[in-house]
Amino acid sequence: MIWNTLLLAFRALRRNLMRSLLTMLGIVIGVAAVIAVVTMGTGASLSVTSQVSSLGDKLLFINPGSNQGGPQGGSAIRQFNQKDVQAVAREVSGIDAVSPSVSSSVTAVFGNNNWQTSVTGVTEEYFPVRNMAVVRGSVFNQLHYQSGRLVCIIGKTVREELFGAVDPVGSTIRIGIAACEVVGELESKGQSSFGNDQDNVILAPLRAVQSRLIGNEDITAISASVASWADNAEVKVRVEQLMRDRRNIGVQDADDFRVMDPTEIAGVLSNITGVLTLFLSAIAAVSLVVGGIGIMNIMLVSVTERTREIGIRLAIGALEKEVLAQFLVEAVILTTLGGVIGVALGLLASYAASQALSFPFIVSPSVVMFAFLFSALVGVVFGYVPARRAARLDPIEALRHE
Amino acid sequence: MAMTAAILAPDAGPIPTIVLQGVARVYGSGESEVKALNNIDFTVQQGEFVALMGPSGAGKSTCLNVLGCLDRPTAGHYFFQGVDVAYLPREQRALLRRHFIGFVFQGFNLLNRTTALENVELPLIYRRVPAAERRKRAFEALAQVGLKGREQHTPGELSGGQQQRVAIARAIVTKPAVVLADEPTGNLDTTKSEEIMQLLTSLNREQGLTIVMVTHSNEIAAFAQREVHFRDGKIAYDRPIAGAQAR
């Protein structure tokens, strides 16, 4: 019975190869969309989390400014100072190292090239805490940190913009108003998950930046590495308490600084990408249903077009249920085949995307299985109405049909 | 009822393939009632070649539909090989067609874009004949109608006469008890018509194939052994065709 039905269905589909392929297209696109969205979403989510945690998962960022976000209104942000840095280092248990920094946006000039970037003043703790290294030249030495002379280590983007492929070490560039010798080039970190270029930076010793470029002793950011035995959240609370005390913030008042834990951010971000993936999958699933309706539509038209053929089959002695089964099997073959092709295309597309955007490529077998089964189900559901219509035709009428 | 008794009596000779008894087919009701068939009685013996004749609207096509179990009469009895099949449900009638009846239509009614072989195989697929035997029998049937070597041609690649031969092969491949032909030469020119009729007569004579054919042409009917003439839903006359045996 089943072999006969399959034989009849295959022969019917082969007779109208073009129509069969076009019918399949809706399902192919729907399934491909679902697979691509889910696969890319999973990859993106993982990529975000891994990038955030590549900053170092035992790390806290302390920034001045309100937690409420938005513009800071009229009141200027109260920056940190060197004493705050020392207090965090000395008084909070569970902190290994503290890296204060100050940033300013500048135009860097070398020869005829100039480039808008930012300069960050750092101390020697910056490199271990932020997990940074140089690919050319060297990091700053003690003399650089203490002398107040402006020397710098440039990121890959800055090097490309100012020097092209030339080795920048030993050259002198101008940063804002000050001249600055390049002593090294940073290892490339690429795009961050927030979309900013992590290689578009210039690092210089903190004191030199403060005195030569900014003209005050403010610290605009503190990174602190948490000891391996300590718990991020607990240390975070202790840092917050310390800063509230030091900045005389009343019990009722909100913090005017932020302490951020990257693992926490990673959690939030992967939540966001998760929701986004779900949302996009829902849209893609709609296109799958639309594809199914497309199949029903074409099958209904094809029943009308094939009325005579159905009449012949009925006259020859096909039973109602045999015609029903044939049309249903035709629909299921189309949607299942469409599902297989869609899965292949979706995986191919998301593989290409993962290569282009350097996401990890993660195939979820359960999603593939679901897409496959769902497309077969679409065939049964949307194939039934046309199949029943075909089966119920009156052979005399059907044979008379032009 | 006398007829029924005659059929069931063991000493009445071979059971006729077809017996119609008081068959009527009425469309609509009341004012708009149309009696397409009005109290028809006739019998087709095994091995006969009968032509149903008459002007259009006389009821010959309706009669063929009833004979082919495509339609049900509104009154009367239809004994097919001694069994009353007039009022069988749809599924049983389909099975009857599958196992005992072959059809040849005016418009050939082949599946297009499908090879002659697959067209002829179709009824055997519904009969669940295994693939190897199915092919063998389809090849044989096509050879019988003179289409050896054309098995892989689709209807589009065949002439009208050849298409009708494929249709005849499809009708006889199941070795049916009767072949019902509805204007089998209606779409063909005179030469081709003659070829098709010669094929049908030779199948009738050599294989003993029972054929009931609807036609409005005397020339075509002349190939049969007997003509049943319809007029206004009734049989006007039923007589042997002179000279039929001589050919």
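Topic: the overall build of chain A
Alright, step 1. Counting its secondary structure elements, chain A contains 13 helices and 10 strands.
Alright, step 2. Based on the C-alpha atoms only, the size of chain A along its principal axes is roughly 105 × 55 × 40 Å.
Alright, step 3. In chain A, buried positions account for 47% of the 402 residues.
Alright, step 4. Expressed as a percentage of contacts within chain A between residues at least 6 apart in sequence, the contacts between residues at least 24 apart total 78%.
Alright, step 5. Accessible surface for chain A amounts to roughly 19200 Å². Of this, 60% is attributable to carbon and sulfur atoms.
Alright, step 6. Across chain A, the mean location of the 31 positive side-chain charges is 8 Å away from that of the 33 negative side-chain charges.

Comments concerning the sheet that holds strand β10 (residues 234-240) of chain B
Residues and elements named next belong to chain B.
Alright, step 1. Taken in spatial order, the 6 strands line up as β6-β7-β8-β3-β9-β10 in an open sheet, and their pairing is mixed. Of all strands in the sheet, those with a lone pairing partner are β6 (101-104) and β10, marking the two edges. Pairwise comparison of adjacent strand axes, ignoring direction, gives a mean angle of 15° for this sheet.
Alright, step 2. As judged from the 6 bridges shared by strand β9 (residues 226-231) and β10, these two strands associate in the antiparallel manner. Looking at the pairing, Glu227 lines up with Arg239 of β10.

A closer look at the packing of helix α10 (residues 307-316) of chain A against helix α11 (residues 320-356) of chain A
Angle between the axes and distance between the axes: these two values describe a pair of packed helices.
All names here are of chain A.
Alright, step 1. Running from N to C, α10 and α11 cross one another at 140°; their axes reach a closest spacing of 10 Å. The angle between α10 and α11 places the two elements in the oblique class. As α10 packs across α11, the resulting crossing turns out to be right-handed. Packed against α10, whose contacting residues are Glu309, Ile310, Arg313 and Leu314, the element α11 presents Val323, Gln326 and Phe327 at the interface.
Alright, step 2. A per-class count over the contact of α10 with α11 returns 4 nonpolar, 1 polar and 2 charged.

Some thoughts on the packing of aromatic side chains
Each aromatic ring pair is described using two quantities: the centre-to-centre distance and the angle formed by the ring planes.
Alright, step 1. All chains considered together, the criterion is met by 9 aromatic pairs over all chains.
Alright, step 2. Relative to Tyr145(A), the ring of Phe140(A) has its centre 5.8 Å away and its plane inclined at 85°; by these criteria the two rings are edge-to-face. For the residue pair Phe140(A) and Tyr145(A), the accessibility class agrees, reading buried in each case.
Alright, step 3. Here Arg25(B) stacks its cationic end above the ring of Tyr27(B), 4.3 Å away from the centre of that ring.

Remarks on the pairing of strand β2 (residues 95-110) of chain A
Along a regular strand, successive side chains alternate from one face of the sheet to the other.
Residues and elements named next belong to chain A.
Alright, step 1. The sheet contact formed by β2 and strand β9 (residues 221-226) spans 6 bridges and is antiparallel. If you follow Val98 over to β9, its bridge partner there is Ala224.
Alright, step 2. The pairing of β2 with strand β3 (residues 113-122) spans 10 bridges and is antiparallel. Across the sheet, residue Ser103 finds its bridge partner in β3, namely Thr120.
Alright, step 3. As consecutive antiparallel partners, β2 and β3 are separated by 2 residues, and within that stretch Gly111 has a phi angle of approximately 55°, a positive value.
Alright, step 4. Alignment of β2 against strand β6 (residues 172-175), held across 2 bridges, turns out to be antiparallel.

Concerning the nonpolar core
Alright, step 1. In this structure, Leu52(B), Leu67(B) and Tyr78(B) are the most contacted members of the largest nonpolar core, which totals 66 residues.
Alright, step 2. A per-element tally of this core places helix α12 (residues 365-391) of chain A first, with 7 residues.
Alright, step 3. When near neighbours in sequence (up to four residues on either side) are disregarded, Tyr78(B) contacts Ile18(B), Val19(B), Leu20(B), Val66(B), Leu67(B), Cys69(B), Val83(B), Asp84(B), Val85(B) and Ala86(B).
Alright, step 4. Listed in part, the 42 residues of the second largest apolar core include Val102(A), Val106(A), Cys152(A) and Leu206(A).

Quick look at the interface of chain B and chain A
Alright, step 1. Contacts between the two partners involve 27 residues from chain B and, on the opposite side, 30 residues from chain A.
Alright, step 2. For Glu91(B), the salt bridge goes to Lys321(A), with nearest N and O atoms at 3.9 Å.
Alright, step 3. The interface formed by chain B and chain A includes 16 residue pairs in polar contact (both at pLDDT 80 or more).
Alright, step 4. Counting residues per element, the ones that place at least two in the side of chain B that touches chain A are α3 (90-100) and α4 (116-126) of chain B.
Alright, step 5. Its residues assigned to classes, the side of chain B that touches chain A comprises 11 nonpolar, 5 polar and 11 charged.

Side note on a nonpolar patch on the surface
Alright, step 1. Together, Met18(A), Leu22(A), Leu25(A) and Ile29(A) make up an exposed nonpolar region whose accessible area comes to about 410 Å².
Alright, step 2. On the secondary structure map, Leu25(A) appears in helix α2 (residues 17-54).

So, the pattern of salt bridges
Alright, step 1. Under the defined criterion, the tally for this structure stands at 29 salt bridges over all chains.
Alright, step 2. Within the structure, one salt-bridge network assembled from shared partners comprises Arg11(A), Arg14(A), Glu118(B), Glu121(B) and Arg134(B).

Regarding α11(A)
Alright, step 1. Between its first and last C-alpha, α11(A) extends 53 Å over 37 residues, near the 54 Å set by a 1.5 Å rise per residue.
Alright, step 2. Following α11(A) by one or two positions, Ser358(A) adopts a phi angle in the positive range, close to 45°.

Some remarks on the packing of helix α3 (residues 82-91) of chain A against helix α8 (residues 232-246) of chain A
Residue and element names in this part refer to chain A.
Alright, step 1. In contact at an axis separation of 11 Å, α3 and α8 are set at 140° when each is read in the N-to-C sense. Taken together, the axes of α3 and α8 are oblique relative to one another. Taken as a pair, α3 and α8 cross one another with a handedness that is right-handed. Contact with α3, carried on its side by Lys83, Asp84, Ala87, Val88 and Glu91, involves Leu242, Met243 and Arg246 of α8 and no other residues of that element.
Alright, step 2. Class assignment for the residues of the contact of α3 with α8 results in 4 nonpolar, no polar and 4 charged.

What counts and what doesn't
- Residues numbered from 1 in each chain as written.
- Chains lettered and ligands numbered in written order.
- Predicted model: local features only at pLDDT ≥ 70, side-chain atom pairs only at ≥ 80, totals over all residues.
- Heavy atoms only, no water.
- Helix = DSSP H or I, 4+ residues; strand = E, 2+ residues; numbered from the N terminus.
- Buried < 20%, exposed > 50% of the residue type's maximum accessible area, 1.4 Å probe, protein only.
- Contact = heavy atoms within 4.5 Å.
- Areas by Shrake-Rupley, 256 points an atom, 1.4 Å probe, with all protein chains shown as cover.
- Lys, Arg positive; Asp, Glu negative; His and termini not counted.
- Charge placed at Lys NZ, Arg CZ, Asp CG, Glu CD.
- Pairing = 2+ DSSP bridges.
- Axes fitted to C-alpha atoms, helices over the stretch in contact; angles between N-to-C directions.
- Parallel < 35°, antiparallel > 145°, perpendicular 65-115°, else oblique.
- Left-handed = near helix turned anticlockwise from the far one by under 90°.
- Nonpolar A, V, L, I, M, F, W, Y, C, P; charged D, E, K, R; others polar.
- Phe/Tyr/Trp six-rings, centres within 6.5 Å; stacked < 30°, edge-to-face > 60°.
- Lys NZ or Arg CZ within 6 Å of the ring centre and 35° of its normal.
- Core = buried A, V, L, I, M, F, W, Y, C linked by side-chain atoms within 4.5 Å.
- Salt bridge = Lys/Arg side-chain N within 4 Å of Asp/Glu carboxyl O.
- Polar contact = N/O pair within 3.5 Å; in protein donor to acceptor, adjacent residues only side chain to side chain.
- Patch = residues over 30% accessible without salt bridge, like charges linked within 9 Å, V, L, I, M, F, W, Y side chains within 5 Å.
- Expected span 1.5 Å × (residues − 1).

Geometric descriptors of this kind do not, in isolation, establish any biological role.
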